[in-house]
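Understanding the architecture of this molecule
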Amino acid sequence: MKNIRRLWSLWKDSGDASLALDTLLVVPDASASLAERNRWLVEVAYWLRRQDKAEKGQDKAKIGAVVLEGHPEHVRLKAFLKLLEQRSDVKLKIARLLRSILRDNDALSLLCDTGVATKPSFFGEISERIRHRLIAPPPNQPELAVLFALGFVGEHDASWVHDLDRDTLIALHDLLHYQEQTVEASNLFKDISEAIHILISYIGASGLSYSVRSRLREVSGQHSPFYKLGRLAEEILKDEPRLNEHVYQAYLKDFKDVIDACYIACDDVYSHLDENGVSIETVFQVETMRLRLARVEMLLQAWLYRDQLQNYSTLVANLILTVQGHRSVKRLAEQSFALLSRKVVERSAEAGDHYIAGTRKEYFAMLKKALGGGAVVSGTVYLKFLIANLGLVRFFENLLLATNYAGSFLLIQFANFTLATKQPAMTAPALAQLLDQTHTSEGLKNFVDRSMALMRSQAASIFGNLVMVVPLVILIQVAILFIIGSPTMSAIKAQAILQTVSPFSGALIFAAFTGVLLWLSSLIAGLVDNWFVLHRIQDVIYYNRRLNIVFGQERAERWARWWRDNISVVAANISLGFLLIYGPAFMAFLGFGLDVRHVTLSAGQFAAAATALGWKTFLMSGFWLGLVGILLIGAVNVLVSFSLAFNMALRSRDLPALDRQRLYRAVRERIRADFKSLIFPPK
């Protein structure tokens, strides 16, 4: 056991461990294997990044007493360069080693592909990034991208490289060219030129592809800026930079104008997607083009202005960031799904705005809708009991239960009733849209007013659902008792149902899981709505030849319009019905024993069980605990689904860092000052 702990400790420490300085001064020969030379350079990067507490006493003696200011890496690098000035033999050996590393490692993969998606599709790139995340490349792979991936693993590496001062950059430049022979000359600028050509060919192919070309307004073929890039690049890069020539400057200006036009074209594609549905693959393609355009600009800057050493540190810092970002699956997903999530959120906000009651008239209308929703759920509860008592195999039982839920939710929707817990996932995006204006006093007031109206509307919906579902379920149970002489369930089953809503039975965890399912249903609704618009299903229905022959053009048009207006609510209600049944089944398959606790459904089952037990129910502790549990279930359902939807709405918008405490404080102050308005709308 002691050996295992020691090995584990060594394994943890090895992540940031580095060689001693004396070991690093034993420099491999320039003719050594590429793996050996690359590993030495990686170890230098680790030594520069090491923490002070890990420094050996002998290293401190060589470096001298130094006060660490700014980046500690700068101090170590300067000390290392100063030490080499005193050891000309080691300096020459390192200079030759560095030149051999640059010569024998391919730079094009680093300059062209690093940080830019190399796979043609989003999901292909996801799998590639997961592989890179789990499996580090071997140091004998002859690519500079591998050196960057192995050496620059610290979160501050890009920062300290970017901030290198001019004197240090000059010292590094002098080290690289120290006693350089003609045969050792670097191909850096040739590689940069080739990289720009390759990047432009990628950009042109993407920009002229159907998925992009078909979404551009009044720009196509030879008039497309993506078509012009290659020709201008040929003129700029065919010789050495001629910055003093007017013709050359004119080419540079034209090239930069075309680059700007490419960015504008990318924005046009986004606008088209925003209006006509979002395609993840197209967003991925456009994001990749934008990254390549930015890389072309940076490489061209370094190629043109070769004497400005700061351009190199900026380029290297950018490459470090992209190498580290290329390992991040989360970053790729955020980039590609940002537009889609905004589209989904905006659609939810449009629907959610109808669920917020600002005036007394709207409040009472919301209450009446909630009463109707509670009435429908009372029937849903007994249909569930009936299906469960049929003794069907699990497959058909789950299918009927899901259909029961989905049908009930659709009935509530199209009868213009309300199910309380469905609201938060819709209302949160509507509230998040007001955050843009919260920096002003008027905007903050509007946000607080809307927040109060939202909480008031949610309370009214839950109250209306429960006030209707509980007495109706009791009446139905009593009627069944009089008709057939026995309740719909045995005493043992009724007691078990009471136990399911107790706060001590795991009901609150299950309620949180249900909140996640409620949010997922709203997400599915937005995705289905986007798919409907993206693939122009409304037009497919309207122009369908057979529909027009059988039902007529007018009816086909009416159906197409109906589906466009209602596809999201149909998807939300059907998906919620199936999620409430198959969500727990899927989690059980994964080994998690989760169940659903929906406040209105749970209240209906609780009322049915309590009625089946008779008057003795009031003497049971489980009854009173169940009452508390139902209220807590409602609160958790609402809080979880609202929080998830609100967080998604925040992430989908390009908002600055928000002072959330200021918003929360403003809402709390309003509640303290006017608590009554939290329950009932002001006149």
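Presented here is an overview of the structure given in this document. Worth saying up front: this structure is predicted, and the values here are computed from it rather than measured.

Summed over the entire model, instances satisfying the criterion amount to zero disulfides. No disulfide involves Cys266; its sulfur sits 7.0 Å from the nearest other cysteine sulfur, which is in Cys262. Classification of Cys266 by relative accessible area gives buried; the value is 0%.

Attention now goes to the packing of helix α19 (residues 360-389) against helix α28 (residues 599-613). It is at 9 Å that the axes of α19 and α28 come closest, and there the two elements cross at 65°. As judged from the angle between their axes, α19 and α28 are roughly perpendicular. At the point where α19 passes α28, the crossing takes the right-handed sense. Side by side, α19 and α28 meet where Val377, Thr380, Val381, Tyr382, Lys384 and Phe385 of the first sit next to Thr600, Leu601, Gly604, Gln605 and Ala608 of the second.

Turning next to the pattern of salt bridges. For the coordinates displayed, the defined rule picks out 19 salt bridges. With a closest N to O distance of 2.8 Å, Arg306 and Glu240 form a salt bridge. One end of the pair, Arg306, is in the loop between α16 (280-304) and α17 (310-326); the other, Glu240, is in the loop between α14 (225-237) and α15 (246-276), with 66 residues separating them in the sequence. Given the relative accessible area of 52%, Glu240 is considered exposed. In this structure, Asp449 engages Arg670 in a salt bridge whose closest nitrogen and oxygen atoms are separated by 2.6 Å. Linking Asp449 in helix α22 (residues 441-484) with Arg670 in helix α30 (residues 660-673), this pair joins segments that are 221 residues apart in sequence. On the basis of relative accessibility, which here comes to 28%, the residue Asp449 falls in the partly exposed class.

Here we take up α14. Over its 13 residues, α14 runs 18 Å from end to end, which matches the ideal 18 Å to within 8%, given 1.5 Å per residue. Listed in full, the buried residues belonging to α14 are Pro225, Phe226, Leu229, Leu232, Ala233, Ile236 and Leu237.

Turning our eyes to something else, we now look at the environment of Val640. Turning to its location among the elements, Val640 is positioned in helix α29 (residues 621-651). A residue is classified by how much of its surface remains accessible, and Val640, at 22% relative accessible area, is partly exposed. Those residues in contact with Val640, other than ones at most four positions away along the chain, are Ala512, Gly515 and Val516.

So, about the environment of Asn140. By secondary structure assignment, the location of Asn140 is in the loop between α8 (122-134) and α9 (144-151). Accessibility expressed as a relative area gives 49% for Asn140, which makes it partly exposed. Residues Asn140 and Asn38, spaced 102 residues apart in sequence, show a C-alpha to C-alpha distance of 7.4 Å. Not counting residues within four places of it along the chain, the set of residues in contact with Asn140 comprises Leu34 and Ala35.

There is a patch of nonpolar side chains on the surface, built from Leu383, Leu386, Leu390, Leu392, Val393, Phe395, Phe396, Leu399 and Leu400 and spanning about 820 Å² of accessible area. Mapped by element, the contributors of at least two residues to the nonpolar patch are α19 and α20 (394-414). Broken down by element, the nonpolar patch gets its largest block of residues, four residues, from α20. When you line up the elements, Leu392 lands in the loop between α19 and α20. Residue Leu392 is classed as partly exposed on the basis of its relative accessible area of 34%.

Next up on the list: the packing of aromatic side chains. Here the structure, examined in full by the defined rule, presents 16 aromatic pairs. On the numbers, 5.8 Å between centres and 85° between planes, the contact of Tyr382 with Phe385 is edge-to-face. Of this pair, Tyr382 and Phe385 both sit in helix α19, three residues apart, which is roughly one turn of the helix. Grouping residues by exposure puts Tyr382 and Phe385 together as buried. Aromatic side chains Phe395 and Phe396 sit 5.1 Å apart centroid to centroid with 85° between the ring planes, which places their arrangement in the edge-to-face category.

Another aspect to go through is the environment of Asn446. Structurally, Asn446 can be placed in helix α22. As a C-alpha pair, Asn446 and Leu434 span twelve residues in sequence and 7.6 Å in three-dimensional space.

On to the nonpolar core. Formed by 83 residues in total, the largest nonpolar core has its most connected members in Ile94, Ile196, Leu229, Phe255, Val296, Leu299 and Leu300. For this core, the leading source of residues is α15, giving twelve residues. Among the nonpolar cores identified, the runner-up in size contains 47 residues, and Leu401, Ala494, Leu579 and Ala610 belong to it.

Time to look at helix α11 (residues 166-176). Within α11, the full set of buried residues consists of Thr168, Leu169 and Leu175. Buried residues of α11 fall within an arc of 120° about the axis and therefore sit on the same side. Counted as exposed and oriented over 90 degrees from the buried face of α11: Arg166 and Asp167. For α11, the side-chain oxygen to backbone nitrogen distance between the N-cap and Asp167 is 3.1 Å, and the N-cap itself is Asp165.

With that settled, the discussion passes to the side chain of Ser109. Of note, Ser109 is situated in helix α7 (residues 108-113). Its relative accessible area of 10% is what places Ser109 among the buried residues. Looking at Ser109, its side chain comes within polar contact range of the side chain of Glu143, at 3.5 Å. Residues contacting Ser109, with those up to four places away along its chain left out, are Thr114, Glu143 and Ala145.

Bringing the side chain of Arg215 into the picture now. One can find Arg215 in the loop between α13 (210-213) and α14. The exposure class assigned to Arg215 is buried, which follows from its relative accessible area of 14%. Of the polar contacts made by the side chain of Arg215, one reaches the backbone oxygen of Ser211; its length is 2.7 Å. Setting aside residues up to four positions removed in sequence, Arg215 forms contacts with Asp268, Val269, His272, Leu273, Ser279, Thr282 and Leu534.

Calculation criteria
Sequence order as written defines the numbering, with residues in each chain counted from 1. Local features are withheld for residues below a pLDDT of 70 in this predicted model, meaning they are given only at 70 or higher, and side-chain atom pairs are given and counted only at 80 or more; totals for whole chains, interfaces and linings count all residues. In computing side-chain values, all of the structure's heavy atoms are included and hydrogens and water are not. Any two cysteine sulfur atoms lying within 2.5 Å of each other are counted as a disulfide. Buried, partly exposed and exposed residues are distinguished by accessible area as a fraction of the type maximum, computed with a 1.4 Å probe on protein chains only: under 20%, between the cut-offs, and over 50%, respectively. Helix axes are fitted to C-alpha atoms over the stretch in contact, other axes to C-alpha atoms as well, and angles between N-to-C directions run from 0 to 180 degrees. Secondary structure elements are taken from DSSP: a helix is a run of H or I of four residues or more, a strand is a run of E of two residues or more, and numbering for both begins at the N terminus. Roughly parallel means an angle under 35 degrees; roughly antiparallel, over 145; roughly perpendicular, 65 to 115; everything else is oblique. Note on convention: the crossing is left-handed when the near helix lies turned anticlockwise from the far helix by less than a right angle, right-handed when the turn is clockwise. Residues count as neighbours in contact if any of their non-hydrogen atoms are within 4.5 Å of one another. What counts as a salt bridge is simple: a side-chain nitrogen of Lys or Arg found within 4 Å of a carboxyl oxygen of Asp or Glu. Each helix should span, by expectation, one fewer than its residue count multiplied by 1.5 Å. Two joining distances apply to patches: 9 Å for like charges and 5 Å for nonpolar side chains (Val, Leu, Ile, Met, Phe, Trp, Tyr), and every residue must have over 30% relative accessible area and no salt bridge. Only the protein chains shown count as cover for residues, and the accessible areas themselves come from Shrake-Rupley with a 1.4 Å probe. In this analysis, rings of Phe, Tyr and Trp, with Trp reduced to its six-membered ring, are considered paired at centre separations within 6.5 Å, and the interplanar angle assigns stacked below 30 degrees, edge-to-face beyond 60, and tilted for intermediate values. In this text, buried Ala, Val, Leu, Ile, Met, Phe, Trp, Tyr and Cys residues form a nonpolar core when linked through side-chain atoms within 4.5 Å. Note that the arc is computed from the directions linking the helix axis to the C-beta atoms. Under this definition, polar contacts are N or O atom pairs within 3.5 Å; protein pairs additionally need one hydrogen-donor-capable and one acceptor-capable atom, and for neighbouring residues in sequence, both atoms have to be side-chain atoms.

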